[in-house]
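The primary structure of each chain is shown beneath.
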Amino acid sequence: MAFKRGSSKEILHHRGRNNNYRLPVKSVLVISVLVFMLFLANRVAKIKSTADQKKNLLRQQLRTGDWRKLTAVEELEDLFPKEVVDLIVANIHDSGPLNLNLDRRTDLSSSWVWERPVDQSIGKKKSDQQRRKTKNDQQANLPRQIGISFEELEQNSKDVSLKSLQHINASNNETLVTGLKGVGGGVKHKDVANVLSNHSQIEENPAKIQRRQLRQRRREKRLTGLLQQDDEEATNLENAAIMRSKVVGSAVLGKYSIWRREFDSDGSDSSIKLIRDQLIMGRVYASIARSRNRLDIYNDLMLHMKQSQRVLGEASLDSDIHHSAPDKIKSMGRALSTAREQLHDCTIVTKKLRAMLQSAEEQVRTLKKQSTFLSQLAAKTVPKGVHCLSMRLTIDYHMLPPQKQEFPSKEKLEDPSLYHYALFSDNVLATSVVVNSTILNAKEPEKHVFHLVTDRLNFGAMKMWFLENPPGKATIHVENVDDFKWLNSSYCPVLKQLESVAMKEYYFKADHPTTLAAGFSNLKYRNPKYLSMLNHLRFYLPQVYPKLDKILFLDDDIVVQKDLTALWSVNLQGKVNGAVETCGESFHRFDKYLNFSNPHIAHNFDPNACGWAYGMNVFDLKEWKKRDITGIYHKWQSMNEDRVLWKLGTLPPGLITFYDLTFPLNSSWHVLGLGYNPSVEFSDIENSAVCHYNGNMKPWLEIAMSKYRSYWTKYVKFDHPYLEQCNIS
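As a starting point, this report considers the structure included with it. (Residues numbered from 1 in each chain as written. Predicted model: local features only at pLDDT ≥ 70, side-chain atom pairs only at ≥ 80, totals over all residues. Heavy atoms only, no water.)

**Re the overall build of the chain**
A count of helices and strands for the chain gives 28 helices and ten strands. Scored against the burial criterion, the 729 residues of the chain give a buried share of 39%. Pairs at least 24 apart in sequence give 74% of the contacts found in the chain among residues at least 6 apart. Here the chain displays about 43800 Å² of accessible surface, and carbon together with sulfur accounts for 53% of that area. (Helix = DSSP H or I, 4+ residues; strand = E, 2+ residues; numbered from the N terminus. Buried < 20%, exposed > 50% of the residue type's maximum accessible area, 1.4 Å probe, protein only. Contact = heavy atoms within 4.5 Å. Areas by Shrake-Rupley, 256 points an atom, 1.4 Å probe, with all protein chains shown as cover.)

Printed below as a string of structure tokens:
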């Protein structure tokens, strides 16, 4: 099949027409790309030129200032966008750190608002047009910052002369013109003048002037205060120097006068103190003279020291010393002055005095230990008068016929509606004070019943005293602890422990302690009261008085000052024991009485639990039986056979036995410490119902504190024949 082909001319004509169309399209594309690239290159060059101009302007402006600012601005350009950098540059101020939110705040004071006419209205919301204008004006604030930078320079530089400041102003003004030309392009001379005028207005702004004046005033005030302080310190130093010059002799080898400051005043014992000080310095210089083989000075000092000691004697006041004391003081002073002139060496004298001080301190510590040891010894011994009283009463009791040896009103002994007291003691005199003080302060003495228990040795004396001196209408009954047949070693752990060889060796070891401290410790815990069953009988009250519901336990070293019947109406809230707590912030707590290193103690008791006092305790015997208090006591007492839980005594086992079973009474019921604490307030004693002489200084001993003894002695019948015969006064 033949194809129809066109002629060659037609084909060429067709191709030529297509080529004519393609050429204009390519030209347009090439021209467009070139135009776009030229536009971008021009834009980039323009932006770069503007940035370089600004950077050069900043370098010129900051060349006379601090180079750190230029470094900071260059680093900020890399860290923050351009708008933030412009805002920072436009808001450099000497009033504190810059806050980027200042641009949006309208509640600023006049000293913080940008000083432009558009920002004069404070507190009003800017319009969108004003905000745009403010944003545009920020770029024009750069020249002003040169003025502010100059202001800082002017405030901080005090050594710059006026001529230099004028030169800096001129340089800054030139920089302003250059900066305006670089930023604004073709800026007219009139605009430059306006900028310079605004720059001068910024420098002379009233708010800045006022702040500058305030700073200057603060500097002056601070400087004035420092000067005054220096003057006061200088005055104090001068006064101290004057006082020292009055006290201490100016010449090193001058008159010996170490006593001048203390003994210029006319005191009642000034001469005695002077003699004692002379004796001290005499010993010092005598020791130095002997070490240097100056026997003449040594013998002279020893002779004068003997004379001074004879004059001093046992005197405690100037009126007690011999009339020749002034002459002896003068002669001793001359001897000391001579010794000082020839032997004075500050280092050696200091060493001698320090050695004497250490020796005196050691003697004081030894005397304190001896005093404590002797007080323990006095506390455990029975005074001669009390022993005499017991013996005379015992003899007279056994001389009575049997029918006169009994007390009347035995039917009241088991009446639970009456007020029953339990008192266990072997001291007749102390027991009589407790009974007498209770009866004299009772409102209804006929309702009070006293149950006294003593040992076999004092049983007759106790009965004889109250047979001769019955307590008025009250009922009294005396028993012998040895008559309680149920109280034996098979039932009572304490009696069983006393039969052991180890306990007998501990209590009755014949050899004496090798040291004073050991003797004090042993004597303290070997007190016979810890061995007596009278001390442990308080844990068997329901067994001793099975028909009573409530009983008040009293120690024999207390004095009753008020009616105690209100204690029977106290609601113990299910507790067994009612007592006054004795704990303070850090004393009289369980950790002071019990060994908390033992796991049996640590796992069952709180070391910070509050302690309480024996001496006046109200016991609910019904609740006692219900909770088997005696069984609890037996358990813990048996575990303490080797004394690993607590030391001897009845308070630690009492704290354990009545743990969480003690009701705290008001502190006014029972005031303690009259036997060891000299700081007990008299107001507390007067307001208390019972005052307790717990401690070693019992009121019937010679070591008792005299200021508290009167509360006890007013209930003693010193005119009684028995007391007079035994010289108890």
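**Description of the side chain of Ser432**
Assignment of secondary structure puts Ser432 in helix α15 (residues 428–440). For Ser432, a relative accessible area of 3% puts it in the buried group.

**Looking at the pattern of salt bridges**
Applying the stated criterion across every chain yields a total of 13 salt bridges. Across the pair Arg294 and Asp296 runs a salt bridge whose closest N-O atoms are separated by 3.8 Å. A relative accessible area of 27% means that Arg294 is categorised as partly exposed. With its nearest N and O atoms 3.3 Å apart, the salt bridge here joins Glu406 to Lys410. Classification of Glu406 as partly exposed rests on a relative accessible area of 42%. Relative accessible area serves as the criterion here: at 45%, Lys410 is assigned to the partly exposed category. Through salt bridges with shared partners, a single ionic network connects Glu406, Lys410 and Lys463. (Salt bridge = Lys/Arg side-chain N within 4 Å of Asp/Glu carboxyl O.)

**Points about the packing of helix α10 (residues 270–291) against helix α11 (residues 295–312)**
Packing of α10 against α11 leaves a shortest axis separation of 9 Å and a crossing angle of 155°. By the angle class used here, α10 and α11 are roughly antiparallel. Regarding α10 and α11, the two cross each other, and that crossing is left-handed. Residues Ile272, Ile275, Arg276, Leu279, Gly282, Arg283, Tyr285, Ala286, Ala289 and Arg290 of α10 form the contact with α11, whose own contacting residues are Ile297, Tyr298, Leu301, Met302, Met305, Ser308, Gln309, Val311 and Leu312. In terms of residue class, the contact of α10 with α11 is made up of 13 nonpolar, three polar and three charged. (Axes fitted to C-alpha atoms, helices over the stretch in contact; angles between N-to-C directions. Parallel < 35°, antiparallel > 145°, perpendicular 65-115°, else oblique. Left-handed = near helix turned anticlockwise from the far one by under 90°. Nonpolar A, V, L, I, M, F, W, Y, C, P; charged D, E, K, R; others polar.)

**Let's talk about the sheet that holds strand β6 (residues 577–579)**
Taken together, the seven strands give an open sheet; going across it, the order is β3-β2-β1-β4-β7-β6-β8, and neighbouring strands pair in mixed fashion. What marks the edges here is a single partner per strand, and that holds for β3 (475–480) and β8 (662–664). Adjacent strand axes in the sheet meet at a mean angle of 25°, parallel and antiparallel pairs treated alike. Pairing of β6 with strand β7 (residues 616–620) involves two bridges; the strand directions are antiparallel. The residue of β7 that forms the bridge with Gly578 is Val618. Here α15 sits on the sheet and contacts β1 (419–424), β2 (448–454) and β4 (550–554); the angle it forms with β2, its principal contact strand, is near 175°. Running at roughly 170° to β3, helix α16 (residues 459–468) makes contact with β2 and β3 of the sheet. (Pairing = 2+ DSSP bridges.)

**Observations concerning the packing of α10 against helix α12 (residues 325–343)**
Angle between the axes and distance between the axes are the two parameters that describe a pair of packed helices. Running from N to C, α10 and α12 point in directions that differ by 35°, and their axes come no closer than 10 Å. Crossing of α10 against α12: the hand is left-handed. Residue-level inspection shows Ser271, Leu274, Ile275, Gln278, Met281, Gly282, Tyr285, Ile288 and Ala289 of α10 in contact with α12, the latter providing Ile329, Met332, Gly333, Leu336, Ala339, Arg340 and Leu343. Class assignment of the residues belonging to the contact of α10 with α12 gives a composition of eleven nonpolar, four polar and one charged.

**What to know about a negative patch on the surface**
Taken together, the side chains of Asp230, Asp231, Glu232 and Glu233 present a region of like negative charge at the surface. Structurally, Asp230 is set in helix α8 (residues 206–247). (Patch = residues over 30% accessible without salt bridge, like charges linked within 9 Å, V, L, I, M, F, W, Y side chains within 5 Å. Lys, Arg positive; Asp, Glu negative; His and termini not counted. Charge placed at Lys NZ, Arg CZ, Asp CG, Glu CD.)

**Considerations on the nonpolar core**
Core analysis: the largest hydrophobic core is formed by 62 residues, its most contacted members being Leu389, Leu429, Leu552, Leu564, Leu567 and Leu665. Each residue touching Leu564, except ones within four places of it in the same chain, is listed here: Tyr421, Leu552, Trp669, Ala689 and Val690. Counting residues in each nonpolar core, the second largest holds 41 residues, with Val481, Phe619, Leu621 and Trp636 among its members. (Core = buried A, V, L, I, M, F, W, Y, C linked by side-chain atoms within 4.5 Å.)

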